[in-house]
Amino acid sequence: MAQPVLETSPPVSDEVRKTTCYMCACRCGINVHLKKDADGNNRVAYIEGNRDHPVNKGVLCAKGSAGIMQVTAPSRLKAPLKRVGERGEGKFEEISWDEALDLATEWLAPLRDKAPEKLAFFTGRDQSQSFTSLFAQAYGTPNYAAHGGFCSVNMAAAGIYTMGGAFWEFGQPDWDRTKLFMLFGVAEDHDSNPIKMGLGKLKERGAKVIGVNPIRSGYNAIADEWVGITPGTDGLLILSLVHLLMSAGKIDFDYLANYTNAACLVNSDPDSPDYGLILKDDEGRALVMDRAEKRPRCFDKPDVQPDLTAVWENNGITHKPVFHLMLDRYLDKKYAPEAIADQVGISATRIRAIAAEIARVAFDEAIELDQPWTDFRGNKHDKMIGRPVAFHAMRGISAHSNGFQTCRSLHMLQIILGAVETPGGFRFKPPYPKPATAHPKPHSKVTPGAPLDGPHLGYPQGPGDLALDADGNPIRIDKAFSWENPLSAHGMMHMVIANAHAGDPYKIDTLFMYMANMAWNSSMNTAGTIKMLTDKDENGDYVIPRFIYSDAYSSETVAYADLILPDTTYLERHDCISLLDRPICEADAVADAIRWPVIEPDRNVRGFQSVLCELGARLNLPGFVDGEGNQKYADYADYITNHIRRPGIGPLAGFRNADGTGGGRGEANPDQLDAYIENGGFWMEHVPEEASYYKPWNKGYQEWAVAKGFFDAEQPYLFQLYVEPLRRMQAAAEGVGEIQPPEHLRARLREAMDPLPIWTEPFGEQVSHEDYPLHALTQRPMAMYHSWGSQNAWLRQIHGRNPMYVPTKVWEANGFAEGDWAKVSSPHGSITVPVAHMAALNSETIWTWNAIGKRKGAWALDKDAPEATKGFLLNHLISDLLPPKEDGMRYSNSDPVTGQAAWFDLRVRVEKVSAPTEAQPSFPVLPDLGVGQ
Amino acid sequence: MTQLPALTDKKLGLVIDLDTCVGCHACVVSCKGWNTENYGAPLSDQDAYGADPSGTFLNRVHSYEITPKDAPAQVVHFPKSCLHCEDAPCVTVCPTGASYKRVEDGIVLVNEDACIGCGLCAWACPYGAREMDQEEKVMKKCTLCVDRIYNENLPEEDRQPACVRTCPAGARHFGDFNDPASNVSTLVAERGGMDLMAEQGTKPVNKYLPPRPKTDAQPEPEIDILAPLLAPIASDSKGFLGWLDRTLDKLPGA
């Protein structure tokens, strides 16, 4: 039989439009192929990666390719909704946008004039925070943040305070040059395609990959070496590596002396009021001992030779270099591998082998690039020297109550090796590096009827920057920047509902949220949170009186809101991925990007940011109305194009000025969005060659950064191995200064606010290990991002259920067989769920995939969907509060430094039970919204 | 019964690197997207939002655990699609001639116009690489994106299978195995590319690169070998600082 004749060049699509993905927070460039339907309307036919885009360079993950099914999902909301039944009943009536905005204005306008703090505006997985925060600031409430507090603020804050940036949006391993890569904890969700691409590059070059994770899934499966660590002990392992490397002198002394504050002089007199603070000149610049002149000199003098060893005595007060304090701490035998091996679950021999491998690669395989550069002191260098060891970590080590100091420890390990901003190590992405002192401080001063006194979030430098009232009480509803968690740089979204319900520190009137599934997977204590949202007071009124929510889909939270503002999908809207916000740059390039409506919505929905433009105008907010009181920005696209943040700086850095030639700085360009579309949806400019590395200290980089508008003056700085703001908080806890913490927090602050990295046992360990012998964790599947894609017809065929994976020891001890179920209990609650055996797992740890479980009736899925009958959340086992202390106090289940939610501190026990009809706890079916979806 | 060509001009296929595949399913969904819109009938889904969702996929990723006796357990991610066998039993079993292997490039295809949906080919395939579309009742399988690789409407760099173009880790490679200098032939030679279930005698064209040996599968290193790298300088800060001073003073310019 003859072969059929095939058309091998069929038409692919009618048109390709290039925009930015939003199936997760990675923000890849995508080519959206469109075909015209019978009515001539554009239909999304295929989505692929954009080859020119700096983030993904053409590749695209499973989520990205499945984005097409987000548009046609039956769970999409259709129109604004007003609740007509009780909360949770799912009874809504469809209203017009005018009615919706009238209602919101009716609620919010009087509140602003009287008590703007009674609006709590939290925007979840928002990527427009520089805009939404402007709205909140103009409104005047101090109660604004996005979701960083329950995500990875420990990583971000530890990085900013230590070295001016952390992983992901701040920087990346030098994938092209590193020879040894060490990955800590779950990392499959953030920066997803770049890490996969990077791992591919390492594999191609034969570079070694070490994975440190209790679970050998995903990236750890392809690691050359797997370190199945005990959860919560990463910091201890890191400090043991630091101990071994320091003890052997396998650290970069030149780097430490010149580019870090290791040579800065710390007041070491316990009787001095400045005990623990760094010696400075009259202008507040840090001093170091000059090795040649044997006297303190300013750290940035051209010919200064910072001395790591010399001590300075002045007026009877001894000042020691930070390096002395580091030696005193980390040479201690308590960090020896033998001392910690049992606790971390790794043999001392293995720990030594890892340290030796790091030492060998960093120093015996050092890289030299023939690239001249000039440092900030004016010294010229012929070469760039690299220590080709790189690290990456995100939530895995962040989401513990010791996460901040663990992240600090990891940053310190990179720094002592001289492996930050050097070839083969970790590299910042513009506009980072940016030290904590160059970021705003938190602002919280409320004036009824007027804007807040400045940006909500920031990096406190001492007790004076905390958000406390005259009596020392928290000003913010989430208690961010209070003594309970002084450096809560991203706020604490996970505490908002609990605190608002308890009226602690005060009652609120309106809860306003965007893209945050608080009635399900985004809350600890999910059932408790649902109850708080539905609870009524003695008058029969809801304890949290009003709840406005914006979402594109009928998530679990929609049923509990009073007013629903239906959002568009990411293919139907304008967005800017801005340098003012959460950038998408690469180490070698500055870049930003847009989303634009590549298709028009077929229903009565509006992009949330455009809705805020109108709501802000209706509320007459400064910045949202023009001189005549008319709406200033017609929609978000108008704002993106015309908003000026500082002279010459707007939301988008590319194609500025009327002729579109401005990059970084320039006047607004009315045709800017068209220029982005023309360019494939993004703008990019390369970092000059001589500015590629040593960015914090590289004169070439600093000058370029000023020219591009990242900052207005060159700001070279030293890495802060010793973090003075931490010491200032610690000193307050010791009784220094006028702003004092409450008595019950003193001891915990003294320990937690240590200016040098430490390891402490996670709070979650303070339960009986006999009753709760196992750790329980979640991992992030690469093909599903949180709950976002869970209604996606294609992705749910890949991850439609999530068993509890159990290690061999526990599997055998319980006599489990395939198809069995177990009751898993924590001090907070219990769940009954299907189990599965996994051998490649820490023997004391069980785990499941995050956020696959769904509530019945939500997301327009059948009530018998496997996500609801067999899928489950670990959240039901996790409390937002720790068990009561002896004095009856209950602290938030968070890191005491930043307030980061300690999701991974969880301890549990497992018992085999007969199979129930469905996973427990089982919640009532959420009713069909009837209208809207 | 359908005849297989004795020889094909080219031998197009994939190399899949199991040392690099992280199991992200990017290839699975990209394939689903492309092939829903292109060659033959769309890949349908049944009960897409219901209690038992299922659908047609031409490529799926499986994960396996390996439990070596004296080393930690390992996980291998294993993407699987049609291997475009030289001795393809799915072709020879086809009663209508719908299944065939192309003479010019060796791609195994189903001519959907001739397919009666009998399913014999799926039974004959030892790899389970074919799926009957429940809506159209025709047999679906990997086409190696025959409508991409020669498609003059695509930029030249995009003329490769959708799964290869999208793979974030670069674990998938496409090329001509008849050309000993091709990227795929080179990879197979250098990395010991393997046939899947060679004992079946199907002579699969696609090859798998095995995972490299894990270093944690080796015995723990002898401390003596590593000792010099970590030899302690001093037992306390004082001794350490003395050493450092002496060392720095010896450096040129000090």
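Residues numbered from 1 in each chain as written. Chains lettered and ligands numbered in written order. Predicted model: local features only at pLDDT ≥ 70, side-chain atom pairs only at ≥ 80, totals over all residues.

Asks: Any chance you could explain the overall build of chain B here in plain terms?
Replies: Each helix and strand in chain B was counted, giving eight helices and 11 strands. A globule of 254 residues ought to have a C-alpha radius of gyration of about 18 Å, yet chain B, at 26 Å, is considerably larger. Overall size of chain B, expressed as C-alpha extent along the three principal axes, is 85 × 50 × 40 Å. In chain B, buried positions account for 43% of the 254 residues. Here the contacts in chain B between residues at least 6 apart in sequence split such that 60% fall between residues at least 24 apart. (Helix = DSSP H or I, 4+ residues; strand = E, 2+ residues; numbered from the N terminus. Rg over C-alpha atoms; globule rule 2.2 N^0.38 Å. Buried ≥ 20, exposed ≤ 12 C-beta atoms within 10 Å, placed from the backbone. Contact = placed C-beta atoms within 7 Å.)

Asks: What's the story with the overall build of chain A in this structure? I'm lost.
Replies: Looking only at helices and strands, chain A features 25 helices and 34 strands. Taking 933 residues into account, the globule formula puts the C-alpha radius of gyration at 30 Å, and chain A, at 27 Å, falls close to it. Each of the three principal axes of chain A carries a C-alpha extent, and together these read 85 × 80 × 70 Å. For chain A, buried positions account for 64% of its 933 residues. A separation of at least 24 residues holds for 69% of the contacts in chain A among residues at least 6 apart in sequence.

Asks: Is there a simple way to think about the environment of Ala915(A) in this case?
Replies: Tracing the backbone through its elements, the reader meets Ala915(A) in the segment after β34 (907-913). For Ala915(A), a count of 11 C-beta atoms within 10 Å corresponds to the exposed category.

Asks: For this particular structure, what's the right way to read the domain arrangement of chain A?
Replies: By a frequent convention, interface size equals the accessible area lost on bringing the separate parts together. The domain boundaries assigned to chain A delineate domain 1 (96-163 + 433-495 + 605-634), domain 2 (166-398 + 411-432), domain 3 (722-755) and domain 4 (764-913). Contacts between the two partners involve 15 residues from domain 1 of chain A, matched on the other side by 11 residues from domain 4 of chain A. (Domains from an automatic or database assignment.)

Asks: Would you mind showing me how to read the environment of Glu368(A) here?
Replies: All names here are of chain A. Here glutamate 368 lies in strand β17 (residues 367-369). Sequence spacing of glutamate 368 and methionine 384 is 16 residues, and the spatial spacing of their C-alpha atoms is 5.6 Å. Beyond its immediate stretch of four places on either side in the chain, glutamate 368 contacts Lys383 and Ile385.

Asks: What exactly am I supposed to notice about unusual backbone geometry here?
Replies: Across the chain, the bulk of peptide bonds are trans and the bulk of non-glycine residues have phi less than zero. A cis geometry characterises the amide bond from Pro430(A) onward to Pro431(A), with omega recorded as 5°. Inspection of the secondary structure puts Pro431(A) in the loop between β22 (426-428) and α15 (496-502). Of note, the amide linkage connecting Tyr432(A) to Pro433(A) takes the cis form, showing an omega dihedral of 15°. Within the fold, Pro433(A) resides in the loop between β22 and α15. At Tyr694(A), a position not held by glycine, the phi torsion is positive, near 55°. The topology assignment puts Tyr694(A) in the loop between β28 (682-686) and α20 (699-708). At Lys203(B), a residue that is not glycine, the phi angle is positive and equals roughly 50°. Within the secondary structure layout, Lys203(B) lies in the loop between α6 (183-191) and β11 (207-209). Here Lys203(B) falls in the partly exposed class, since 13 other C-beta atoms lie within 10 Å of it.

Asks: Teacher, can you tell me more about the sheet that holds strand β27 (residues 589-595) of chain A here?
Replies: Sheets are built from strands paired through backbone hydrogen bonds, the pairs being either parallel or antiparallel. All names here are of chain A. Read across the sheet, three strands follow the order β26-β27-β28 without closing on themselves; strand pairing throughout is antiparallel. One side of each edge strand has no neighbouring strand; the edge strands of this open sheet are β26 (575-577) and β28. Here the average twist between neighbouring strands, direction ignored, is 10°. Two elements, β26 and β27, share three bridges in a ladder whose sense is antiparallel. In the strand pairing of β27, isoleucine 577 is matched with alanine 593. (Pairing = 2+ DSSP bridges. Axes fitted to C-alpha atoms, helices over the stretch in contact; angles between N-to-C directions.)

Asks: Explain the sheet that holds strand β2 (residues 29-36) of chain A here, please?
Replies: Residues and elements named next belong to chain A. With antiparallel pairing, three strands are arranged side by side in an open sheet as β1-β2-β3. Of all the strands in the sheet, just β1 (15-20) and β3 (42-49) have a single pairing partner and so form its edges. Taken over all neighbouring pairs, the strand axes of this sheet differ in orientation by 30° on average, direction set aside. Of the pairings in the sheet, the one linking β2 to β3 comprises seven bridges and is antiparallel in character. Considered in β3, the bridge of isoleucine 30 is made with glycine 49.

Asks: Before we go on, may I ask you to explain the interface of chain A and chain B in this structure?
Replies: Taken together, the 77 residues of chain A in the interface contact 70 residues of chain B. Of the residues belonging to the side of chain A that touches chain B, the class tally is 44 nonpolar, 19 polar and 14 charged. (Nonpolar A, V, L, I, M, F, W, Y, C, P; charged D, E, K, R; others polar.)

Asks: Could you clarify how one ought to interpret the packing of helix α5 (residues 153-163) of chain A against helix α14 (residues 403-416) of chain A in this entry?
Replies: In helix packing, the relevant descriptors are the interaxial angle and the interaxial distance, both defined with respect to the helix axes. All names here are of chain A. Here α5 crosses α14 at 45°, and the two axes come no closer than 8 Å. Classed by the angle they form, the pair α5 and α14 counts as oblique. Along this stretch, α5 crosses α14, giving a crossing that reads as right-handed. Facing α5, whose interface residues are Asn154, Met155, Ala157, Ala158, Gly159, Thr162 and Met163, α14 presents Gly403, Phe404, Cys407, Arg408, His411, Met412 and Ile415. Across the contact of α5 with α14, the residue classes break down as eight nonpolar, five polar and one charged. (Parallel < 35°, antiparallel > 145°, perpendicular 65-115°, else oblique. Left-handed = near helix turned anticlockwise from the far one by under 90°.)

Asks: Is there a simple way to explain the pairing of strand β25 (residues 563-566) of chain A in this structure?
Replies: All names here are of chain A. Covered by surrounding structure in β25 are Leu563 and Leu565 together with Ile564 and Pro566, the residues of both alternating faces. As defined by bridge partners, strand β4 (residues 81-83) adjoins β25 across two bridges and the pair is classed as antiparallel. Each bridged residue has a counterpart across the sheet, and for lysine 82 the counterpart in β25 is leucine 563. Two elements, strand β24 (residues 546-551) and β25, share four bridges in a ladder whose sense is parallel. Paired with tyrosine 549 across the strands is isoleucine 564, a residue of β25.

Asks: What is the right way to read the packing of helix α8 (residues 234-247) of chain A against helix α12 (residues 348-364) of chain A from this model?
Replies: Residues and elements named next belong to chain A. In contact at an axis separation of 9 Å, α8 and α12 are set at 60° when each is read in the N-to-C sense. In this view, α8 runs oblique relative to α12, as classed from their interaxial angle. Viewed along their axes, α8 and α12 form a crossing whose handedness is right-handed. Contacts between α8 and α12 pair Leu237, Ser240, Leu241, Leu244 and Leu245 from the former with Ile351, Arg352, Ile354, Ala355, Ile358 and Ala359 from the latter. In terms of residue class, the contact of α8 with α12 is made up of nine nonpolar, one polar and one charged.

Asks: Looking at this model, I keep getting lost on the domain arrangement of chain B. Mind explaining?
Replies: Looking at chain B, the domain boundaries give domain 1 (12-214) and domain 2 (221-250). The gap between the C-alpha centroids of domain 1 of chain B and domain 2 of chain B is 55 Å.

Asks: Can you help me understand helix α10 (residues 322-330) of chain A in this one?
Replies: Because an α-helix packs 3.6 residues into every turn, residues spaced three or four apart end up facing the same way. Within α10(A), the full set of buried residues consists of Val322(A), Phe323(A), His324(A), Met326(A), Leu327(A) and Tyr330(A). Where α10(A) is buried, its residues contact α8, α9 (253-259), β12 (265-267) and β16 (317-321) of chain A together with α8 (237-250) of chain B.

Asks: When you look at the environment of Thr215(B) in this model, what are you seeing that I'm missing?
Replies: Mapped onto the fold, Thr215(B) is located in the loop between β11 and α7 (223-226). On the basis of neighbour counts, which here come to 17 C-beta atoms within 10 Å, the residue Thr215(B) falls in the partly exposed class. When sequence neighbours within four positions are dropped, the list of residues in contact with Thr215(B) reads Asp224(A) and Glu225(A).

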